[in-house]
Every structure is written in C-alpha cells, then in structure tokens.
Amino acid sequence: MLARKSIIPEEYVLARIAAENLRKPRIRDRPRKARFIAKNGACNLAHKNIREQGRFLQDIFTTLVDLKWRHTLVIFTMSFLCSWLLFAMMWWLVAFAHGDMDPSTENTSNSTKWTPCVTCVRSFTSAFLFSIEVQVTIGFGGRMMTEECPLAITVLILQNIVGLIINAVMLGCIFMKTAQAHRRAETLIFSRQAVIAVRNGKLCFMFRVGDLRKSMIISASVRIQVVRKTTTPEGEVIPIHQVDIPVDNPIESNNIFLVAPLIICHVIDKRSPLYDISASDLALQDLELIVILEGVVETTGITTQARTSYVAEEILWGHRFVPIVTEEEGVYAVDYSKFGNTVKVAAPRCSARELDEKPSILIQTLQKSELSHQNSLRKRNSMRRNNSIRRSNSMRRTNSSLIVPKVQFITPEGSQSASET
C-alpha cells in the first residue's frame, strides 16, 4: 500500500474516480407504484376509519360468507354448542321446577306413579344430552318427553324451530363459501405480459386469456379499463380515474366464445387513452390497464368474474404472441407451455397519432424489417456454405491421410523390391 501511494499520488486517484463517476449515468429506480388490481385479481385496497360498523351486522349472511374459513368454522361450532347449552339449561329448569330433581320422587314413584316431564333427566349432564337428542333428532330411547308438562312441549317446539334456523343459516353459509364464484375464476388465466404490435395496419394492445377447464364460461365478456391519476382543469386531483376502452370484436355483441385461448385486441385509435403514447414514453407512464372477464359458469349457473392488470413495465412494445393451437389427428390441441411466449416483430416506435398522421412510417418500418430479414437469411446461407466447404475440406484431408505410402524392402543381395501393403 505504501509503494502504491508513493507511485500514484492520492490526489490523482481521487480526481480520476470522480471523473469516472461523472461519466457514468446514474440510473435511479423509480419507486414502484401501488397496483390497484393485483395479478391474481385481488383488489389492493384497504378500508380504514369505518365508523358505521353496524351495517355489516344488518347483512349478516354476506358477512359470514366473506369471513375467513377459520372464523366461519368457529362460528359454526359455537352456534350449535351455545344453542345446545341454552336449551339444556331450559330443560334442567323445567325438570327442577316440576320436581324431577328431588330424590324423594324417585322413591315414591312406584306407589304414587310419579310422572316426570322428561324421563331419566336427573342432572344437568342428562339435560344437555337430551337437548342434543332433540335438536339433532337422535332418539336413543332412554330419555323421552311425557304429557305431564305443557311447558316442556313448548320448549320442544321452540328448540326445533331454532335448530332448523341455525341449520339453514350455517349450512347455507358453508355451501356458499365452497361454491363462491371466484373459485371458478382460478382456472381462468391471463398472460403475464401484454404486447403492442401492428395488426391490420393499426397499433393494437393485445393480451391472451384462456380457460383451463372443459366446462365453458357462458356469455363471457371482456372489459378493459385504464386507471391513472389525473388532474382536472379546475385543479381537482382524481387519484383513481377509470376510463373504459373498447375491445375489438368482429361480432356485434361483446361476448366471446372461450373454448380455446384467445388474444383480446384493443385498437389504439383516437378514442384510446394510449393514442399519444410512444414506445419511449411508455416506460414513463403512470398508468394501469385493468382487464375484467365476466361470464356464467356452465355447471352451476353462477356469475363469475376474473380480473388482472398490466402496468407499463409489463407491456412489451413490438412483440406478438406465438400460436399455441394446432390440429393433431383431427383434434385441436392447445400447448399451454407457450401460453405467455412472445416473439419480436416489426413495429413503429412512434405513437398511434404519429402513425395516423404519417402512414409512411409503417411502410418504412416494414421495409427495414424485410431488408434485415433478407440480410439475416443471406448471412445464414453464407454461414451454411462456409460450413459445408469446411466439412468437405476436412473430409478430403482425412481421406488423404488414410492413403498408405509405398514401402521398399532391401534384400541381402542388395536388390530392391517395392510392394504395397
């Protein structure tokens, strides 16, 4: 270290390091914007400071369905257990009021023919077991009601009604949680990335959607919204401004027949929010494109909805999705391993507005791509020729090395004879 300091002055080293740092451009990562819709379709929204919590209890069924499974199972268990305990207390009070708990009645039962309200109910445990038997309608035969107490008959009717209500609510809640529409949406997939390329002479925003199940989604429709932060001319800031953009569909209705993966296309025209965005401006845009697919499940008839979103970093300019549907032995086969694969294609880097104002840009781009394609073909052909020439030369060299040279034998008399082996 001392030798290096003596050879190179410290001031020179510091000046050189500072000059190198000035030459290198400093690229600072932008802070990632929070997504409004996650890739799996979940809404990235947090509700805070809700004062009217009682509104959730007014719609108790929806609240129970929206709860997590562990909370639902706890409520399911506690509702039955509490009802059994409540009515067990009522049966114990009926038996206590009638005198069934008195030991003297058991001794005088044979002579005076004592009739209890419920037979074999001598403690709270037996009353709890009888409550379970009544509500779940399991008759074990040991405990039964008699005609002695009209109050016990009233409690029996009340427990049956309450038990039916609890069964209907809790079983309906469990059924709705298992048959929720978003469960079916788990098999509806979207491509991880979207592309912008030229289709029919127009710049188009495209993504791919597919269904993994054989049971189809009936009356499926696709909507696209652009969410961005905007400011009105009056100075009002709208943090989540939603704008619907049209989807290119040759059919008059917006419904699609989702029997195989489809590429959904949006033509970037004057109505599109992407009309003034070029390839260089796309990375600087603070926007999010939300895709919503709605339809009716064929097997259950329940309406389902699948969602995803694409931010500027997930949109590839000048790419196109590769085909994944092929015909094999009379059957159309779908290769889902290539579902999100794209290839680079020729596309102008300008915005759609500039492309409409100067259509020659598209022609020049296509010509350049054709020339580059021809040049690449020429290079490939020349490389193949060179490889073939090298192979032929190498084969000639190997053949020449295989030729056996002539060998001369000298006899003792001094005569020479040539022979080939």
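No experiment lies behind these values; they were computed from the predicted model shown.

Draft legend 1. Structural context of the side chain of Ser278. In this structure, Ser278 sits in the loop between strand S7 (262–267) and helix H11 (279–282). Within the local environment of Ser278, its side chain forms a polar contact with the side chain of Ser280, the two groups lying 3.2 Å apart. A distance of 3.0 Å separates the side chain of Ser278 from the side chain of Asp281, its partner in a polar contact. Leaving out residues up to four positions away in the same chain, Ser278 has contacts with Trp317, Arg349, Cys350 and Ser351.

Draft legend 2. Main features of the UniProt feature "transmembrane region" (unreviewed entry) in the chain. Within this numbering scheme, the UniProt entry marks residues 73–94 and 151–175 as carrying the feature "transmembrane region" (unreviewed entry). Along residues 73–94, the helical share is 100% and the strand share 0%, with 32 Å between the first and last C-alpha atoms. Between the end C-alpha atoms of residues 151–175 the distance is 36 Å, and the span holds 100% helix and 0% strand.

Draft legend 3. View of the state of the cysteines. Overall, the coordinates contain 1 disulfide when judged by the stated rule. The disulfide partner of Cys117 is Cys149, and the gap between their sulfur atoms is 1.5 Å. Looking along the S-S bond of the Cys117-Cys149 disulfide, the torsion reads about -50 degrees, which is the left-handed sense. Of this pair, Cys117 sits in the loop between helix H7 (109–112) and helix H8 (124–136) while Cys149 is found in the loop between H8 and helix H9 (150–178), placing the two residues 32 residues apart along the sequence. Comparing Cys117 with Cys149, the two get one shared label, buried.

Draft legend 4. Spotlight on the pairing of strand S8 (residues 287–297). Across the 11 residues that make up S8, a large majority, 9, are buried. Here 10 bridges tie strand S4 (residues 217–231) to S8, and the two strands are oriented antiparallel to one another. Bridge pairing in S8 links Ser221 to Glu294. The pairing of S8 with strand S9 (residues 303–311) spans 9 bridges and is classified as antiparallel. Bridge assignment links Ile290 to a residue of S9, and that residue is Ser309. The turn linking S8 back onto S9 is made up of 5 residues, and Gly301 within it adopts a positive phi angle of 75 degrees.

Draft legend 5. Examining the pattern of salt bridges more closely. By the definition in use, this model includes 7 salt bridges. For Glu294, the salt bridge identified is with Arg223, shortest N-O distance 3.6 Å. Of this pair, Glu294 sits in strand S8 while Arg223 is found in strand S4, placing the two residues 71 residues apart along the sequence. According to the relative accessible area criterion, Glu294 is partly exposed, its value standing at 26%. For Arg223, a relative accessible area of 30% gives the class partly exposed.

Rules used throughout
Residues numbered from 1 in each chain as written. Predicted model: local features only at pLDDT ≥ 70, side-chain atom pairs only at ≥ 80, totals over all residues. Heavy atoms only, no water. Helix = DSSP H or I, 4+ residues; strand = E, 2+ residues; numbered from the N terminus. Polar contact = N/O pair within 3.5 Å; in protein donor to acceptor, adjacent residues only side chain to side chain. Contact = heavy atoms within 4.5 Å. UniProt positions renumbered as here; feature names shortened; annotations may be inferred. Disulfide = S-S within 2.5 Å. Buried < 20%, exposed > 50% of the residue type's maximum accessible area, 1.4 Å probe, protein only. Pairing = 2+ DSSP bridges. Salt bridge = Lys/Arg side-chain N within 4 Å of Asp/Glu carboxyl O.

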